[in-house]
Amino acid sequence: MCIEDSRISVGHDAISLKSGWDNYGITFGRPTSDIHISRVDLQASLGAALAFGSEMSGGISDVHVDHLHIHGSSKGISFRTAPGRGGYIRDAIVSDVQMEDVHVAIEFTGDWSSHPDEHFDLSALPEISGITLKDMVGKNISFAGVLSGIDGDPFTNICLSNINFTIADSAHSASWSCSNISGYSESVFPEACSDLHSQSSNSSICSSTLSYHALATA
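Residues numbered from 1 in each chain as written. Predicted model: local features only at pLDDT ≥ 70, side-chain atom pairs only at ≥ 80, totals over all residues. Heavy atoms only, no water.

**Here we look at the pattern of salt bridges**
Moving on, step 1. For the coordinates displayed, the defined rule picks out 7 salt bridges.
Moving on, step 2. In this structure, E4 engages R39 in a salt bridge whose closest nitrogen and oxygen atoms are separated by 3.6 Å. Here E4 is found in strand β1 (residues 2–10), whereas its partner R39 is found in strand β3 (residues 32–44), with 35 residues between them in sequence.
Moving on, step 3. What makes R39 partly exposed here is its relative accessible area of 41%.
Moving on, step 4. When the shortest N-O distance is used, the salt bridge between R80 and D13 registers 2.7 Å. (Salt bridge = Lys/Arg side-chain N within 4 Å of Asp/Glu carboxyl O. Helix = DSSP H or I, 4+ residues; strand = E, 2+ residues; numbered from the N terminus. Buried < 20%, exposed > 50% of the residue type's maximum accessible area, 1.4 Å probe, protein only.)

This is the structure:
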């Protein structure tokens, strides 16, 4: 799937990548993969400009996103899941992003707890790993990032690199909020939370493991 050279303005999520909901998505087992999104202007006044999940039980992987312009949105980039989803979101890279007038620039949440019915298994925990966000600038941002994994099922290998957000004067003093998250950050302003300060001597955690099949076939 390739989305290019488009302008999308909506009330809720502008682009949302999904792959099935709870046990139905797990059973059907058809992942969303090999996605390329480039040169897109996005506005989502009450939602996220670009959302992954929360219905991701069949798996989402190998996603390459670049050259986004995000403005006038509640959330910029959002990764969503919950206990009971199962599945995974992994091997995704988002780069070259400009944001203006966004409430939360980067969101990871493991508490998107809506379910289609009672037939879900809370022990089906999702895997969120290998996500790289880099080369981003933003102005009039209220919160740089709210990153919350799942207790006992942390989100891992999250990389932030070369990010510079100008926080709105009226914003809360805490630019980042993190829990149950691990990974690495480099050249991030305001400085990212300590959960993303890896002790590794190198930044290999930031290397994308994408197959780039989408790029090769675009």
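**Notes on unusual backbone geometry**
Moving on, step 1. Between G53 and the following residue, S54, the backbone shows a cis peptide bond with an omega angle of 10°.
Moving on, step 2. By the secondary structure assignment, S54 is in the loop between β4 (48–52) and β5 (60–80).
Moving on, step 3. Cis rather than trans, the peptide bond between F189 and P190 has omega equal to -5°.
Moving on, step 4. Relative to the helices and strands, P190 is located in the loop between β10 (181–189) and α2 (213–217).
Moving on, step 5. The phi dihedral of D34 is positive, around 55°, even though this residue is not glycine.

**Observations regarding the confidence of the model for the chain**
Moving on, step 1. A residue-level look at the chain finds 89% of positions with pLDDT of 70 or above and a mean pLDDT of 90.
Moving on, step 2. The model gives residues 208–218 a pLDDT under 50, and that stretch makes 21 contacts with residues more than four places away or in other chains. (pLDDT = per-residue confidence, 0-100. Contact = heavy atoms within 4.5 Å.)

**A few points about the state of the cysteines**
Moving on, step 1. Here the structure, examined in full by the defined rule, presents 1 disulfide.
Moving on, step 2. Each disulfide pairs two cysteine sulfurs, and for C178 the partner residue is C193, the sulfurs being separated by 1.7 Å. Handedness here is read from the sign of the S-S torsion; for C178 and C193, about -55°, the answer is left-handed. On the criterion of sequence distance, the pair formed by C178 in strand β9 (residues 176–179) and C193 in the loop between β10 and α2 is long-range, its members being 15 residues apart. (Disulfide = S-S within 2.5 Å.)

**Regarding the pairing of β5**
Moving on, step 1. With respect to burial, β5 is a largely interior element, 18 of its 21 residues being buried.
Moving on, step 2. As paired elements, β3 and β5 share 9 bridges and run parallel to each other. Looking across to β5, one finds that T32 is bridged to I60.
Moving on, step 3. Taken together, the 4 bridges between β4 and β5 define a ladder with parallel strand orientation. Bridging from a neighbouring strand, A48 pairs with K75 of β5.
Moving on, step 4. Of the pairings in the sheet, the one linking β5 to strand β6 (residues 88–109) comprises 16 bridges and is parallel in character. Opposite S61, over in β6, you have R90 as the bridge partner. (Pairing = 2+ DSSP bridges.)

**A closer look at the side chain of S57**
Moving on, step 1. Mapped onto the fold, S57 is located in the loop between β4 and β5.
Moving on, step 2. Given a relative accessible area of 5%, S57 falls into the buried group.
Moving on, step 3. Side-chain polar atoms of S57 contact the backbone nitrogen of D22, separated by 2.8 Å.
Moving on, step 4. Setting aside residues up to four positions removed in sequence, S57 forms contacts with S19, G20, W21, D22, G25, I26, R85, G86 and G87. (Polar contact = N/O pair within 3.5 Å; in protein donor to acceptor, adjacent residues only side chain to side chain.)

**Points about the environment of Q43**
Moving on, step 1. Tracing the backbone shows Q43 in strand β3.
Moving on, step 2. Judged by its relative accessible area of 26%, Q43 is partly exposed.
Moving on, step 3. Along the primary structure Q43 and I15 are separated by 28 residues, whereas in three dimensions their C-alpha atoms are 9.8 Å apart.
Moving on, step 4. Discounting chain neighbours no more than four positions away, the residues touching Q43 are I8, S9, V10, A14, H71, G72 and S73.
Moving on, step 5. For Q43, the side chain forms a polar contact with the side chain of S9, separated by 3.0 Å.

**Points about the side chain of D22**
Moving on, step 1. Residue placement: D22 occurs in helix α1 (residues 22–28).
Moving on, step 2. Owing to a relative accessible area of 0%, D22 belongs among the buried residues under this scheme.

**A short note on the environment of F108**
Moving on, step 1. Residue position: F108 is located in strand β6.
Moving on, step 2. Considering only alpha carbons, one finds F108 and R80, 28 residues apart in sequence, at a separation of 6.0 Å.
Moving on, step 3. Among all residues touching F108, those that are not within four sequence positions of it are F79, I128, I131, L133, V146, L147, S148, F155, I158 and I181.

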